[in-house]
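Observations on the model geometry
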Amino acid sequence: MDLTNDEHRLTQNQDAPTPTGIPPLNELARHATSGEDDRVVSRRWLLMKAGIALNGLVGLALAVPVVRYIFAPWRKDSSYESWISLGAVKSFPAGETRLALFKNPFTRSWDGPTDNVACYVRREEADKFQVFAINCAHLGCPVRWFPQSQLFMCPCHGGVYYADGSRASGPPTRGLFTYDWKVVSNELHIDAGQMPTLSNSAKLEKPEIGEGDCTCRG
Amino acid sequence: MPRVNGTGQRIYAWFERRLQLEGPVKEAALHPVPRNTASWWYVFGSAAFTLLFLQIITGILLALIYVPSAAHAWDSLNVLNHQVPLGWYIRALHGWGSNFMVAIVLIHMAQVFLFGAYKFPRELTWILGVFLLLMTLGMAFTGQVLRFDQDAYWGLGIGASIMGRVPFIGGGLVHLLLGGPIIAGATLSRFFTLHVFVIPGLLLLFALTHVWMVLKLGVNEWPMPGRVVRRATYVEEYNKLAHEDGIPFVPGAFWKDLVFSGAVIAAVAVCALIMGPFGPGGQPDPSIIQTVPKPDFFFLWIYAVLSYLPPALETPFILIAPIIGIAILLALPFYAAEGEKSWHRRPVAVLVVSFVAVAWGSFTQLGTVTPWSPHMSAWSADAIPAKFLRGASPLVRQGANVFQDKQCRNCHAVGGLGGQRGPALDDIATRMTPDELRFKVVTGGGNMPAFGKNLSPAEIEALVAFLDTLHPPNQRPAVNPVNEVYTSTHASGGEDIPAAQGAPR
C-alpha cells in the first residue's frame, strides 16, 4: 500500500492543481467569495433567497399537521367522558362509603394497570349517592377513607375531608371532586373519563346530585 | 504535520489529512489560561460534562431492555433488577449518576456565581448554563417518571394538578402533559420522548456551545478584590493576564479536571455498587391506594414548600415563582455585567447563596421527615405506651381506645409515635382544661377536623378523660382559671405547684 507517497503528494501539492485537474478546495472558496461580477453574485443571492423562501413555505406547510398532531390530546372534556357502570347498586350498602374500581372509558391497549381508576361511593340513603374522585383536591394524591372517624385523609400534605366530601382541614381549598351519577337498571353509573383537576372541576358550586350537567365530572 | 514514520503515525497522518482536527484541538488545548485558574475550584463544570456522558452511555444501555409502555415498563425494570446480569448495576449507575449530576451542576452554578464568572463577556455562557440547569432538572424529573412505579404515577398526578391551576388553558395543558385524559400509556410515551430524545438533544447542544464559549472567551480568572470588570478594558486585561501569567490549559489546568472527573465517576460507581438502584416501588396501579407518594431527593424541597404555603397563595406562587426565579437568573448577567468579581466585595451574593443553601437544605430535610403528612397506619400500628394507662380507670382506658380507633393518632403523636401534623399530646393536659379539650374535639379548627358528628357523647367524655391524664407526674393538669381563683382563695394549706404553671394558655 502506497500510503506514504499518497500522504506526501497530498501534503506537498496543497496549492498546486491536483492531478485530476480539479483546483484545490481553497481555490474554489476564493472564487465563490470574490465579488468581481456583481450580476452573477446578485443572481446567485436571488436564487438563494428563493431557496430559503421555498424551504420556509414547505416548513410552514408541514408545521400545520405537526402542530395539529402535537396538540391532538388537547380536547374538550366531554370528548373524553362517558357513562360507565360501577356495578350493582346493592353492592353499596346504605350508610356506607366504599371504594369502587372501574376501567377508564378512554383507554389504549398498552395502558396496563394505569386505566384502573378508583373512586369512593357513598350511599347516604337508598336512592341518594355521592361518588368522590380518589384524587385530593390539593395536588391529586390518593385520599384514604377511614370509616371509624368518618374522614378522608390524604397521605401527601395532610388534606382531610368529611364523609360528605367537604373540606375538613389542610391545604385543599375545596371539597373532594365528585362524579355525576345515575342509576340505570339497578346499576350505579358515573360520568367519568378524566383525572380531576382544578381546571376541569374547579367550580365551587355544587350541582344537584344526580341531575343536570355536572361541572365536577372527573 | 508530524514526521511520517511508523505505522501508527502513518495512520494518524492519513486521518489528520482528511479530518484536519489537529490545529483546532491544539489551539483549544494549549490556549493560555491565567495561572491561578488551575484550581480545584474550577473542576465542577468538566465533571458535570463527564457525568452527562456517563448518563448517555448508561441510558443507552438501559434502553436495550427497558420497555417504554405503561403495561410493561414496571416489569422490564424488575427484569433489569433481578434477571438481566448486572442490569441492576447499570440502573444504579444511571440513578446515582443522575443524583451526582444534579448536585455537581448546582455546585458548579454556585461556584461560578460566587466567582463572578457570569460578568462581561461571559453573560451568554451563564444564560446557557441556566438552561442547562433547567434541562438537568428536567431530565431528573422525566427520569423519575420513566421509573414507572407508584411514586412516578402520583408524581405525575401532582404535575397534572399543578398544570390544572393555570387559568383558562389549564385543562388543555393537563391533556397535553398527560397525552390524554388520565395518566396512562400515552403519558409514559411522551415522557420517554422527552427524556431520551428532546431534552438530551438540547442538553448536548447547549453543553457543547457552553464549552465552546469557555474555550473562546477563556476560563474566568481568579477574582481578586479590587480588580473590577469594565466592558472597555476587560478583554485586554484578561489577555494580558493569560499571556503574562498564564499556563497552557493542557496540562496545566486540565489534569485537575481529569482527576476530579475520574474521582466523581468512581464515587458514582461505588455508590451504585453499595446502595444499588432506585426502585422501582409498587406497581403503577392507581387502584392500589395504600401508598404514600414521595418525589425523588432533588424535588423534596418543592414537596415541602407545597405543604407550607397558605392555600390562598398557593396557585399564584406555584405558577409565578418559577418564572420570576428563572427571570432573575437570566437577568443577572445584564444587571451585574461589570464590577467586582471577588466574593470579598460581594456580601449580597454570599448571603444569597448561603440563604438559598440553608433554605433548600431545610426544606429538603422537612421533605424527608414530612411532619405535615398524617401517619396513615399509626392508629392501628402504634400502641399507646403502657405508662399512660398504668392504674387508669376504665373510662380513661376506654378513652385511649377512642383515641386510637378514631385515627387521632394519625396526626397526634403520643410517646414519640404517631403523626406530627398536629401537636404531640404527651402533656396536652397541662395546656388545655377538660372543657377546652371537649370543645376542640367537637368543633376542630386550626387545621383539625371537627369530630362532633363522628363521636357519641360517651366517646367524647371517655376521650377527654384520657387526654386529661396526659401530663408529666410532677405537673398538674390545667384547670379553668375561675376554678383556680376559687381554689387558691378557699383552699387551706399551700399548693406545691405555683398556680401559673398549670394555667391554660
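The structure reproduced in this document is the subject of the present report.

Here the focus is the overall build of chain A. Each helix and strand counted, chain A has four helices and ten strands in total. The proportion of buried residues among the 218 residues of chain A is 36%.

Right, let's get into the environment of Ile162(B). All names here are of chain B. Structurally, Ile162 can be placed in helix α7 (residues 150-163). Residue classification places Ile162 among the buried residues on the basis of 23 C-beta atoms within 10 Å. Measuring from C-alpha to C-alpha, the distance between Ile162 and Val174 comes to 8.8 Å, with twelve residues separating the pair along the chain.

Turning our attention to the interface of chain B and chain A. Taken together, the 59 residues of chain B in the interface contact 55 residues of chain A. Counting only elements with at least two residues in the side of chain B that touches chain A, the list comes to α1 (7-19), α7, α8 (170-178), α9 (185-217), α13 (300-308) and α14 (311-335) of chain B. Counting residues per element, the side of chain B that touches chain A draws most heavily on α8(B), at six residues. Grouping the amino acids of the side of chain B that touches chain A by side-chain chemistry returns 29 nonpolar, 22 polar and eight charged.

To continue, consider the sheet that holds strand β1 (residues 82-88) of chain A. Residue and element names in this part refer to chain A. The antiparallel open sheet is built from six strands, whose spatial order is β1-β10-β9-β4-β3-β2. Strands at the two margins of the open sheet, each flanked by one partner only, are β1 and β2 (96-103). Neighbour to neighbour, the strand axes of the sheet diverge by 35° on average, direction disregarded. Two strands pair when backbone bridges link them, and β2 and strand β3 (residues 116-125) are joined in this way by eight bridges, in the antiparallel orientation. Counterpart to Leu99 in the pairing with β3 is Tyr120.

All names here are of chain B. Packing of helix α5 (residues 87-114) against helix α12 (residues 254-275) leaves a shortest axis separation of 8 Å and a crossing angle of 130°. Taken together, the axis directions place α5 and α12 in an arrangement best described as oblique. The way α5 lies across α12 gives a crossing that is right-handed. Judged by residue contacts, Tyr89, Ala92, Leu93, Trp96, Gly97, Phe100 and Ile104 of α5 engage Val264, Ala267, Val268, Ala269, Cys271 and Ala272 from α12. Looking at the contact of α5 with α12 residue by residue, the class counts come to twelve nonpolar, one polar and no charged.

Here we come to α8(B). Of all the residues in α8(B), the buried ones are Gly170(B), Gly171(B), Val174(B), His175(B) and Leu178(B). The arc that holds every buried residue of α8(B), seen down its axis, measures 145°, which confines them to one face.

Thresholds applied
- Residues numbered from 1 in each chain as written.
- Chains lettered and ligands numbered in written order.
- Predicted model: local features only at pLDDT ≥ 70, side-chain atom pairs only at ≥ 80, totals over all residues.
- Helix = DSSP H or I, 4+ residues; strand = E, 2+ residues; numbered from the N terminus.
- Buried ≥ 20, exposed ≤ 12 C-beta atoms within 10 Å, placed from the backbone.
- Contact = placed C-beta atoms within 7 Å.
- Nonpolar A, V, L, I, M, F, W, Y, C, P; charged D, E, K, R; others polar.
- Pairing = 2+ DSSP bridges.
- Axes fitted to C-alpha atoms, helices over the stretch in contact; angles between N-to-C directions.
- Parallel < 35°, antiparallel > 145°, perpendicular 65-115°, else oblique.
- Left-handed = near helix turned anticlockwise from the far one by under 90°.
- Arc of directions from axis to C-beta.

These figures capture arrangement, not role.
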